[in-house]
Amino acid sequence: FPPQGQITYEGIGIATETVDGKVFVTDVYSGGPADQAKMLAGDEIIAVDGQPFDEIGSFLGKTGGTVAVTVRHTADATPVTANVTVAKIEPTKN
């Protein structure tokens, strides 16, 4: 059963998976910041603010601000960077 209180984390509304040392987006939450920035499931995350992606550290303390997320849409595509707003994500909210 879930704990009492509100569960939130700072993020951009994605789920990821690491495969062979590369980080891929597995899900983009509908209506979330990443969705608004046109990120897609299957995108490879190259960097966040010029640093390697860290599931927590890339967004910690940045709610309301933006991060520069560099992704590659396909294996042979040129990386593109989008400014994505960091939000308090509420995973249990319907």
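Right above here is the structure, for reference.
Attention here is on the structure that accompanies the text. It should be emphasised that the depicted structure is a prediction, and the values quoted were computed from it without experimental measurement.

1. Brief notes about the pattern of salt bridges
- Overall, the coordinates contain two salt bridges when judged by the stated rule.
- Across the pair Arg72 and Glu44 runs a salt bridge whose closest N-O atoms are separated by 3.3 Å. Of this pair, Arg72 sits in strand 5 (residues 66-72) while Glu44 sits in strand 4 (residues 44-48), and the two are 28 residues apart along the sequence.
- With a relative accessible area of 21%, Arg72 lands in the partly exposed category.

2. A short note on the sheet that holds strand 3 (residues 22-28)
- The sheet built from five strands is open, its strands ordered 2-3-4-5-6 with antiparallel pairing. Each end of this open sheet is capped by a strand with a single partner; those strands are strand 2 (14-19) and strand 6 (80-85). Going from strand to strand, the sheet's axes swing by 45 degrees on average, the running direction of each strand aside.

3. Quick notes on the pairing of strand 4
- Judged by how many residues are buried, strand 4 sits mostly within the fold: four of five residues are covered.
- In terms of strand pairing, strand 3 meets strand 4 through two bridges, oriented antiparallel. Of the residues in strand 4, the one forming a bridge with Phe24 is Glu44.
- Here strand 4 runs beside strand 5; their pairing, made up of four bridges, is antiparallel. If you follow Ile45 over to strand 5, its bridge partner there is Val71.

Thresholds, definitions, all that
Residues numbered from 1 in each chain as written. Predicted model: local features only at pLDDT ≥ 70, side-chain atom pairs only at ≥ 80, totals over all residues. Heavy atoms only, no water. Salt bridge = Lys/Arg side-chain N within 4 Å of Asp/Glu carboxyl O. Helix = DSSP H or I, 4+ residues; strand = E, 2+ residues; numbered from the N terminus. Buried < 20%, exposed > 50% of the residue type's maximum accessible area, 1.4 Å probe, protein only. Pairing = 2+ DSSP bridges. Axes fitted to C-alpha atoms, helices over the stretch in contact; angles between N-to-C directions.

So, to be careful, I would describe these as geometric facts and stop short of saying anything about function.
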